[in-house]
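# Structural features, examined
Next come the chains, spelled out residue by residue.
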Amino acid sequence: MSDNDQTPFDLMTIQHLGAAVLLCWGELSMATQELILDRANDTVGMVPVREVRDQIADLLRRRARLVSSSPRSHEQQTQTTPARR
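The paragraphs below set out a description of the structure included in this document. (Residues numbered from 1 in each chain as written. Predicted model: local features only at pLDDT ≥ 70, side-chain atom pairs only at ≥ 80, totals over all residues. Heavy atoms only, no water.)

Within the structure shown, the criterion is met by three salt bridges. Among the salt bridges present, the one from Arg53 reaches Glu34, with a minimum N-O distance of 2.5 Å. One end of the pair, Arg53, is in helix H3 (residues 52-69); the other, Glu34, is in helix H2 (residues 30-41), and 19 residues separate them in sequence. With relative accessibility at 34%, the residue Glu34 sits in the partly exposed group. Of the charged contacts in the structure, one is a salt bridge between Arg61 and Asp58, with a shortest N-O distance of 2.4 Å. Highlighted residues: Arg61 and Asp58, both in helix H3, separated by three residues, approximately one helical turn. Exposure remark for Arg61: the relative accessible area of 45% places this residue in the partly exposed category. The structure contains a network of salt bridges with shared partners spanning Glu34, Asp38 and Arg53. (Salt bridge = Lys/Arg side-chain N within 4 Å of Asp/Glu carboxyl O. Helix = DSSP H or I, 4+ residues; strand = E, 2+ residues; numbered from the N terminus. Buried < 20%, exposed > 50% of the residue type's maximum accessible area, 1.4 Å probe, protein only.)

Laid out in C-alpha coordinates, this is it:
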(Lines give C-alpha, C1' and ligand atoms only; values in the text may rest on other atoms or scores of the structure.)
Protein backbone atom coordinates (compact mmCIF):
# COMPACT_ATOMS: atom_id res chain seq x y z
CA MET A 1 0.00 0.00 0.00
CA SER A 2 1.49 3.31 -1.00
CA ASP A 3 1.05 6.53 0.97
CA ASN A 4 -1.38 7.71 -1.71
CA ASP A 5 -3.68 4.71 -1.13
CA GLN A 6 -4.03 5.27 2.62
CA THR A 7 -7.04 6.92 4.17
CA PRO A 8 -6.87 8.97 7.37
CA PHE A 9 -8.41 6.04 9.23
CA ASP A 10 -5.90 3.42 8.05
CA LEU A 11 -3.30 4.15 10.72
CA MET A 12 -5.93 4.14 13.45
CA THR A 13 -7.40 0.90 12.10
CA ILE A 14 -4.00 -0.76 12.01
CA GLN A 15 -3.32 0.41 15.58
CA HIS A 16 -6.61 -1.08 16.77
CA LEU A 17 -5.90 -4.35 14.96
CA GLY A 18 -2.42 -4.49 16.50
CA ALA A 19 -3.84 -3.80 19.96
CA ALA A 20 -6.43 -6.55 19.49
CA VAL A 21 -3.70 -9.02 18.49
CA LEU A 22 -1.65 -7.97 21.51
CA LEU A 23 -4.61 -8.46 23.85
CA CYS A 24 -5.31 -12.00 22.64
CA TRP A 25 -1.69 -13.03 21.98
CA GLY A 26 -1.63 -15.61 24.76
CA GLU A 27 -4.76 -17.26 23.40
CA LEU A 28 -3.23 -17.77 19.94
CA SER A 29 -1.59 -21.06 19.06
CA MET A 30 2.19 -21.11 18.79
CA ALA A 31 1.85 -21.71 15.04
CA THR A 32 -0.32 -18.58 14.70
CA GLN A 33 2.09 -16.53 16.82
CA GLU A 34 5.00 -17.68 14.65
CA LEU A 35 3.07 -16.85 11.48
CA ILE A 36 2.31 -13.32 12.72
CA LEU A 37 5.95 -12.75 13.70
CA ASP A 38 7.16 -14.07 10.34
CA ARG A 39 4.71 -11.85 8.45
CA ALA A 40 5.77 -8.82 10.50
CA ASN A 41 9.27 -9.29 9.06
CA ASP A 42 7.97 -9.43 5.49
CA THR A 43 5.03 -7.05 5.14
CA VAL A 44 4.68 -5.78 1.59
CA GLY A 45 4.07 -2.05 1.27
CA MET A 46 5.44 -1.13 4.68
CA VAL A 47 8.81 0.33 5.54
CA PRO A 48 11.00 -2.52 6.83
CA VAL A 49 11.88 -2.33 10.50
CA ARG A 50 15.19 -3.86 11.44
CA GLU A 51 14.85 -6.68 13.96
CA VAL A 52 11.07 -6.16 14.20
CA ARG A 53 10.60 -9.68 15.58
CA ASP A 54 12.81 -8.86 18.57
CA GLN A 55 10.99 -5.56 19.10
CA ILE A 56 7.63 -7.36 19.05
CA ALA A 57 8.91 -9.93 21.54
CA ASP A 58 10.13 -7.15 23.84
CA LEU A 59 6.72 -5.44 23.62
CA LEU A 60 4.94 -8.69 24.49
CA ARG A 61 7.24 -9.28 27.49
CA ARG A 62 6.73 -5.71 28.76
CA ARG A 63 2.96 -6.06 28.40
CA ALA A 64 3.00 -9.43 30.18
CA ARG A 65 4.89 -7.88 33.11
CA LEU A 66 2.43 -4.97 33.30
CA VAL A 67 -0.58 -7.25 33.15
CA SER A 68 0.79 -9.70 35.72
CA SER A 69 1.59 -6.89 38.16
CA SER A 70 -1.77 -5.12 37.89
CA PRO A 71 -4.33 -5.59 40.69
CA ARG A 72 -6.95 -6.66 38.14
CA SER A 73 -4.77 -9.51 36.88
CA HIS A 74 -4.43 -10.87 40.43
CA GLU A 75 -8.22 -10.93 40.70
CA GLN A 76 -8.47 -12.71 37.36
CA GLN A 77 -5.89 -15.29 38.40
CA THR A 78 -7.95 -16.24 41.43
CA GLN A 79 -11.07 -16.80 39.33
CA THR A 80 -11.38 -20.05 37.42
CA THR A 81 -12.34 -19.75 33.81
CA PRO A 82 -12.52 -22.53 31.23
CA ALA A 83 -9.79 -22.47 28.60
CA ARG A 84 -10.82 -21.60 25.07
CA ARG A 85 -9.20 -23.32 22.12
